[in-house]
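Chains, contacts and geometry: an overview
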Amino acid sequence: MNQPDFNEWWNHHCTFYPGLNSWLEKQREPASILSAWANVLSSVGLHDAKAASQELYGQEKQPQAYERHAAAIRAIASENRAEAAESQQAYARYGQTFKCSECQDTGWCSV
């Protein structure tokens, strides 16, 4: 993720966590923290980071502190990438696969 992408992600992430900006402003080195977060997320794409922010927001167990958000986002994005790669490998091996053999992931089952 480059700097403009990081800035876009930051704004997106702050919509889920509005207290994040005020927390950052209270820190002694806010620019250093943002730089460190950008470095942590450098291997994560913008789309993946935004999806991870939304997923993190929906989780019952939240990180204990704001400073853990960047690591949590990277972990979620990495896990999602691994799951996607596994799904693509299964498709390449076996053709189209479905989680539900009844509805073939459409959500519709006849009764």
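One can find the structure itself at the top, above this paragraph.
About the thresholds
Residues numbered from 1 in each chain as written. Predicted model: local features only at pLDDT ≥ 70, side-chain atom pairs only at ≥ 80, totals over all residues. Heavy atoms only, no water. Helix = DSSP H or I, 4+ residues; strand = E, 2+ residues; numbered from the N terminus. Polar contact = N/O pair within 3.5 Å; in protein donor to acceptor, adjacent residues only side chain to side chain. Contact = heavy atoms within 4.5 Å. Axes fitted to C-alpha atoms, helices over the stretch in contact; angles between N-to-C directions. Parallel < 35°, antiparallel > 145°, perpendicular 65-115°, else oblique. Nonpolar A, V, L, I, M, F, W, Y, C, P; charged D, E, K, R; others polar. Expected span 1.5 Å × (residues − 1). Buried < 20%, exposed > 50% of the residue type's maximum accessible area, 1.4 Å probe, protein only.

1. Description of the side chain of His13
In this structure, His13 sits in helix α1 (residues 3-16). Only 2.7 Å separates the side chain of His13 from the side chain of Ser53, close enough to count as a polar contact. Separated by 2.8 Å, the side chains of His13 and His69 make a polar contact. Setting aside chain neighbours within four positions, we find His13 in contact with Leu20, Ser53, Leu56, His69 and Ile73.

2. Observations regarding the packing of α1 against helix α3 (residues 30-40)
The interhelical angle for the contact between α1 and α3, taken along N-to-C directions, is 105°, at an axis separation of 11 Å. It follows from the interaxial angle that α1 and α3 lie roughly perpendicular. Note on element contacts: α3 touches α1 through Leu34, Trp37 and Ala38, opposite Gln3, Phe6, Trp9 and Trp10. Here the contact of α1 with α3 is composed, by residue class, of 6 nonpolar, 1 polar and no charged.

3. Some details on α1
For α1, which comprises 14 residues, the first-to-last C-alpha distance of 20 Å matches the rise-based estimate of 20 Å (1.5 Å per residue) to within 8%. Among the residues of α1, the N-terminal cap falls to Asn2, whose side-chain oxygen and the backbone nitrogen of Asp5 are separated by 2.9 Å.

4. Things to note about the environment of Ser35
Along the polypeptide, Ser35 turns up in helix α3. The exposure class assigned to Ser35 is partly exposed, which follows from its relative accessible area of 47%. Residues Ser35 and Gln3, 32 residues apart in the sequence, show an inter-C-alpha distance of 9.3 Å.

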